Amino acid sequence: GLYGSNKRNVYQPARAPLFPQCEETGGPFKVAGPAWLGPLHDVDVVEGAAERLELPKGKATVHPLKTKDRIHGLLTSVSEELPDVPLYYKLPELCHTVHCLCPPMLEFRAAIANAGYRVSSYHKEPQAVKTDAPNRVIWDIIREWCKKHPPKEGGKKARKKKERKQKQ
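Basis of the calculations
- Residues numbered from 1 in each chain as written.
- Predicted model: local features only at pLDDT ≥ 70, side-chain atom pairs only at ≥ 80, totals over all residues.
- Heavy atoms only, no water.
- Phe/Tyr/Trp six-rings, centres within 6.5 Å; stacked < 30°, edge-to-face > 60°.
- Helix = DSSP H or I, 4+ residues; strand = E, 2+ residues; numbered from the N terminus.
- Buried < 20%, exposed > 50% of the residue type's maximum accessible area, 1.4 Å probe, protein only.
- pLDDT = per-residue confidence, 0-100.
- Salt bridge = Lys/Arg side-chain N within 4 Å of Asp/Glu carboxyl O.

A.B. asks: What am I meant to see in the packing of aromatic side chains here?
C.D. replies: The geometry of an aromatic ring pair comes down to the distance between the two centres and the angle between the two planes. Using the criterion set out here, one finds one aromatic pair in the structure. Taken together, a centroid distance of 4.4 Å and an interplanar angle of 20° make the contact between Y88 and Y122 stacked. Residue Y88 is found in the loop between α2 (68-80) and β3 (89-90), and its partner Y122 is found in strand β4 (residues 119-122); the two are separated by 34 residues along the sequence. With a relative accessible area of 33%, Y88 lands in the partly exposed category. Judged by its relative accessible area of 14%, Y122 is buried.

Set out below in structure tokens:
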């Protein structure tokens, strides 16, 4: 809802009313949207564009592209994404929630694949993972990582708060 003074209105993020907190983390839900749940890319268009970029010099377009390699990399990344998984997880945000260091992306993706689920990257976010694994599996992997690499006891804010209490 709306709160704040007359000079500046601030909108508080909405919360999901049916579930007071996340079963995995205990944190509150944030509502976002709308979300596009259909396919993001036309596979035929992506493949066709990639094929045109791979044409030999003589058969390529009249005006060569200076960013050909970057475009080809983006098209390759798009073509390797899971087309039926609309949302993704950002690994640093998952780890920030439980105050632990991030596991290497390859190790995290391998854990998802070894659990029997499909996994891919997301073309727009290098630290993102698209997967058909349920939330429970993702958080189980993060919890196991935390057991092997325990989070530090209190962060910077916790240490400063502790120092202030000791001074009083």
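Having seen the model, we can carry on.
A.B. asks: What is the right way to read the confidence of the model for the protein chain from this model?
C.D. replies: Low pLDDT marks stretches whose predicted atomic positions should not be read closely. Per-residue confidence for the protein chain averages 82 on the pLDDT scale, and 75% of its residues sit at or above 70. No element of the protein chain has a lower mean pLDDT than strand β1 (residues 2-3), which averages 50, and none a higher one than helix α4 (residues 105-114), which averages 97.

A.B. asks: Could you clarify how one ought to interpret the pattern of salt bridges in this entry?
C.D. replies: Pairing between side chains of opposite charge can happen when the charged atoms of each approach one another. As enumerated under the stated definition, the model contains eight salt bridges in all. The partner of K130 in a salt bridge is E81, with the nearest N and O atoms 3.1 Å apart. A residue pair is termed long-range when its members are at least 10 positions apart, and K130 in strand β5 (residues 125-131) and E81 in the loop between α2 and β3 qualify at 49 residues. As far as burial versus exposure is concerned, K130 and E81 are alike and both buried. Where E125 meets K90, a salt bridge forms, and the shortest distance between an N and an O atom there is 3.9 Å. Of this pair, E125 sits in strand β5 while K90 sits in strand β3, placing them 35 residues apart in sequence. Each of E24, D140 and R143 takes part in salt bridges that share partners, so that together they form one network.

A.B. asks: Is there a simple way to explain unusual backbone geometry in this structure?
C.D. replies: Although it is not a glycine, H99 sits at a positive phi angle of roughly 60°. On the basis of relative accessibility, which here comes to 61%, the residue H99 falls in the exposed class.

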